[in-house]
Amino acid sequence: MTDSKYFTTTKKGEIFELKAELNSDKKEKKKEAVKKVIASMTVGKDVSALFPDVVNCMQTDNLELKKLVYLYLMNYAKSQPDMAIMAVNTFVKDCEDPNPLIRALAVRTMGCIRVDKITEYLCEPLRKCLKDEDPYVRKTAAVCVAKLHDINAQLVEDQGFLDTLKDLISDSNPMVVANAVAALSEIAESHPSSNLLDLNPQSINKLLTALNECTEWGQIFILDCLANYMPKDDREAQSICERVTPRLSHANSAVVLSAVKVLMKFMEMLSKDLDYYGTLLKKLAPPLVTLLSAEPELQYVALRNINLIVQKRPEILKHEMKVFFVKYNDPIYVKLEKLDIMIRLASQANIAQVLAELKEYATEVDVDFVRKAVRAIGRCAIKVEQSAERCVSTLLDLIQTKVNYVVQEAIVVIKDIFRKYPNKYESVIATLCENLDSLDEPEARAAMIWIVGEYAERIDNADELLESFLEGFHDESTQVQLQLLTAIVKLFLKKPTETQELVQQVLSLATQDSDNPDLRDRGYIYWRLLSTDPVAAKEVVLAEKPLISEETDLIEPTLLDELICYIGTLASVYHKPPSAFVEGSRGVVHKSLPPRTGSSESAESPEAAPSAGQAAEQPAVIPAQGDLLGDLLNLDLGPPVSGPPLAASSVQMGAVDLLGGGLDSLLRSDVGGSPAMGGGGGFAAPGPAVPAGMGAPLGSGLGDLFDLTGGVGTLSGSYVAPKSVWLPAMKAKGLEISGTFSRQVGSISMDLVLTNKALQVMSDFAIQFNRNSFGLAPAAPLQVHAPLAPNQSVEISLPLNTVGSVMKMDPLNNLQVAVKNNIDVFYFSTLYPLHILFVEDGKMERQMFLATWKDIPNENEAQFQLKDCSLSADAVSSKLQGSNIFTIAKRNVEGQDMLYQSLKLTNGIWVLAELRIQPSNPTLTLSLKCRAPEVSQHVFQAYDTILKN
């Protein structure tokens, strides 16, 4: 009879009957009763009341009964921790049972009972099992250490289990080695800084020996561990590759991908001139091709990984184009992936074959697939120049089919072909214009508008075509509106006499009738350009465009290198680094490929560069707040600021000269009424060009247009709290640290005083922050230039940035710091005031403020009372502005002043505030609204601190 009978009973009074049966003297009856209990537990009934009775059944020699009781224990130990202690004695006894299966079962269950109270009792039995003579028990105990570490890391370290695990790597049994590696990798993942897997050539040799005899999952653990090893030279890398290569013919696809990962990583260290390098490339292709004969889900995972491999080393699969041709019964997700890889492998040698395939795909029934196939034809044209002509004629044939979505995709890719090969294929424009009326997708409409604007001089009725789009301007998507604006300005610059009305119309639609800030800004820039200097406008708008590159969707090289290190994991399927989708306390380590041997790259590789001060040396791609543009906007363009003069170094004045004659030349024309105004072919800028929300009349150049004077905080810096002691000398062997945080001109710093109260000299200082809510991290190393003698103090200002790792802390503004010197490492935590994170561009525009206030749900609103604050509304406003809390509007309602304010945190979170001030009442009422309501309490504390100091 099957066990299904246990699941059919739903009698009342069942618990009482089970209790009696569990205490029966007959072994068979006991076993039946425990099975019934487990069945009830499985379907979700609460049978925790039977805990003592079930635990009594542990004292048995019957392995099946023991397993059932242990299963029950694992489930209920967490909810009944006091009862679970009763089972400890049996564990201890079972760990010494002559039967290795029972010893292993006991140690496995011990690891699964996640109860703090019990863990210390389990250390002795675990220690014995780690040294057991039976390998099955040892391998189970190895995994148990990782589980115990998850519950109580400190205990595992104190008991020396980690060293025992390291010894197991040299075990004679390959399965024990694999489990020890798996356990150490798991522990190392949650403690990225600890060097647990201290791999050296000897231990690598042991792992490679165990690799041949492990189970498949054991092989994966060992291969993943090998992938984290850095060989000392190319000879060692080659010898590891030679010993890993046989794994490529394994039946399990996960083993194959793990082996591919190791080989891809170590190939970086091999010289391309080596014969072995060529042999390895040849060996990598067949296993990858074999993966494509599996079921569709596995094919998809394989294809996502192959996509990365092809981007890194296309030569591996360059002769295997045929396996990526789409089969009629492939699911859509496999088809789209194959298509992507076909384009990546397209070259002059195989382009004819590829184009024939793609043309076939474009007549399929699956719309998504057809679209992608048409795009692929365009991408081939851009990638392989010799094929461009054939691609264009193929696209024209497809346009003649008049299938709506095919036509739209074709127009989008022809736009890119024009960008790549200017003045070559413009003869097809007439055909494109015939299909104008059928376009209804934003991307296709935008592409067509771009073509009409770019080649307006070749199209007789360009103005009529663009005017037809303009009729429904407000119904178009942003992408189309922006293209239309630019296209009409281009048309005006090419045919100024016929299109003046048209350009006036589009500029007023874009600036006065639109809520979109991007569109409005672009409209104003064009308006200003046309009204002040049409010649400059022509140079800017009709400038030579750079040719587009062949592959626009390649993964950025450093990310690609990181993803290659994660082949065979979820990261390689998502094409995102683990830090982008793994949440929680696990530290995600950024991996990178080893530097190439013998190449000049190694000198510049991240490994070779010293980690200290790295941030300072890396070229910034986008200027941060605080350099170039950042500094330009930090210069208050209003009247001079009263306050202490700035040190010359704090604002890079050199940046201003990027504009030629400095700011004067930028603002040389008083846009309100200079003679330059009329120079635009009778084209004058309108009076009320700036929306009411911007608050200033038009009349002082760019300053007003972007409202720089009001939007950028004063340079005097925000409120700085007095220093307090963070680490008393008692706790740090004589080192006392006191400090505070400050923000000035957009940069945050931690101002420290280090005092040596010990009897010996202190040196070699370094500092590190734990992950925190806002990613605060040191922007430079802690520099104490001379050793710190006894009774001596030194003041240091440590610059901080907010690009560190993020983890939500409790409280939110908690910062855990480690400081090292020649004596020891010391830890302390401190709370930073939130106002150091208020950025300088936190002034929201009025309309935006209103819309956002309405948009944030009411349950996110928090009210606070600011007591003992007898300042006037103006004093409050200017005091808060010093700390980057900006007043957007002020109203007087029934005798009380209402201030509406906004601020923005470094991570982009906006906080909106309403501050109510009654003239005779020293208590102010503060209402805060924010999409992340947990910030509100800390913003209130910042208000309180700033206003009372």
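This section reports on the structure supplied with the text. Remember, it's a predicted structure, so these values are computed and weren't measured experimentally.

## Structural notes on the environment of Gln238
Move 1: With respect to the secondary-structure elements, Gln238 resides in helix H16 (residues 234–244).
Move 2: Put simply, Gln238 and Leu280 are 42 residues apart on the chain and 9.8 Å apart in space, counted from C-alpha to C-alpha.

## Points about the environment of Arg344
Move 1: Within the secondary structure, Arg344 is located in helix H20 (residues 332–345).
Move 2: Linking Arg344 and Cys380, residues 36 residues apart in sequence, is a C-alpha distance of 8.9 Å.
Move 3: Reaching out from Arg344, the side chain makes a polar contact with the side chain of Asn307 at a distance of 2.7 Å.

## A few points about helix H21 (residues 351–361)
Move 1: Where H21 is concerned, the buried positions are Ile351, Val354, Leu355, Leu358 and Tyr361. End-on, the buried residues of H21 take up no more than an arc of 120 degrees, which puts them together on one face.
Move 2: Residues of H21 that are buried make contact with H20, helix H22 (367–383) and helix H23 (388–400).

## Observations regarding unusual backbone geometry
Move 1: Here the bond from Asp810 into Pro811 is cis, since omega is -5 degrees, no more than 30 degrees from zero.
Move 2: By the element assignment, Pro811 lies in the loop between strand E6 (793–801) and strand E7 (814–820).

## Notes on the sheet that holds E6
Move 1: With antiparallel pairing, the five strands of this open sheet are ordered in space as E1-E2-E3-E6-E5. Pairing within the sheet leaves two strands with one partner each, and these edge strands are strand E1 (724–727) and strand E5 (777–778).
Move 2: As judged from the three bridges shared by E1 and strand E2 (residues 735–744), these two strands associate in the antiparallel manner. Counterpart to Ser724 in the pairing with E2 is Gly739.

## As for the pattern of salt bridges
Move 1: Enumeration over the complete set of coordinates arrives at 38 salt bridges.
Move 2: A salt bridge links Glu457 to Lys494; the shortest N-O distance between them is 3.0 Å. Taken together, the positions of Glu457 in the loop between helix H26 (442–454) and helix H27 (462–470) and Lys494 in helix H28 (residues 478–494) put the pair 37 residues apart, joining distant regions of the chain.
Move 3: In this structure, Lys757 engages Glu736 in a salt bridge whose closest nitrogen and oxygen atoms are separated by 2.9 Å. Of this pair, Lys757 sits in the loop between strand E3 (747–756) and strand E4 (766–769) while Glu736 is found in strand E2, placing the two residues 21 residues apart along the sequence.
Move 4: Several salt bridges converge on common partners, so that one network encompasses Arg371, Arg375, Glu409, Glu441 and Glu443.

## Concerning the state of the cysteines
Move 1: Inspection of the entire model under this criterion finds zero disulfides.
Move 2: Free of any disulfide, Cys144 has its nearest neighbouring cysteine sulfur in Cys112, separated by 7.8 Å.
Move 3: Residue classification places Cys144 among the buried positions, given a relative accessible area of 4%.

## A look at the sheet that holds strand E8 (residues 825–831)
Move 1: Spatial ordering of the open sheet is given by E4-E7-E8, a layout of three strands whose pairing is antiparallel. Looking at the sheet topology across the chains shown, the edges are occupied by E4 and E8. Strand-to-strand twist across the sheet, computed as the mean angle between neighbouring axes with direction ignored, equals 25 degrees.
Move 2: With seven bridges connecting them, E7 and E8 associate as antiparallel partners. From the neighbouring strand, Lys820 faces E8, where its bridge partner is Val825.

## Observations concerning a negative patch on the surface
Move 1: The grouping of Glu464, Glu467, Glu471 and Glu501 at the surface amounts to a negative patch.
Move 2: Since its relative accessible area comes to 70%, Glu501 is described here as exposed.

## Observations concerning the side chain of Arg247
Move 1: Relative to the helices and strands, Arg247 resides in the loop between H16 and helix H17 (253–267).
Move 2: As a buried residue without a salt bridge, Arg247 has its nearest oppositely charged side chain in Glu213, at a separation of 9.1 Å.
Move 3: Of the polar contacts made by the side chain of Arg247, one reaches the side chain of Gln219; its length is 3.3 Å.
Move 4: With near-sequence residues (within four places) excluded, Arg247 lies in contact with Leu211, Asn212, Gln219, Leu223, Val255, Val256 and Ala259.

Conventions we followed
Residues numbered from 1 in each chain as written. Predicted model: local features only at pLDDT ≥ 70, side-chain atom pairs only at ≥ 80, totals over all residues. Heavy atoms only, no water. Helix = DSSP H or I, 4+ residues; strand = E, 2+ residues; numbered from the N terminus. Polar contact = N/O pair within 3.5 Å; in protein donor to acceptor, adjacent residues only side chain to side chain. Buried < 20%, exposed > 50% of the residue type's maximum accessible area, 1.4 Å probe, protein only. Arc of directions from axis to C-beta. Contact = heavy atoms within 4.5 Å. Pairing = 2+ DSSP bridges. Salt bridge = Lys/Arg side-chain N within 4 Å of Asp/Glu carboxyl O. Disulfide = S-S within 2.5 Å. Axes fitted to C-alpha atoms, helices over the stretch in contact; angles between N-to-C directions. Patch = residues over 30% accessible without salt bridge, like charges linked within 9 Å, V, L, I, M, F, W, Y side chains within 5 Å. Areas by Shrake-Rupley, 256 points an atom, 1.4 Å probe, with all protein chains shown as cover. Lys, Arg positive; Asp, Glu negative; His and termini not counted. Charge placed at Lys NZ, Arg CZ, Asp CG, Glu CD.

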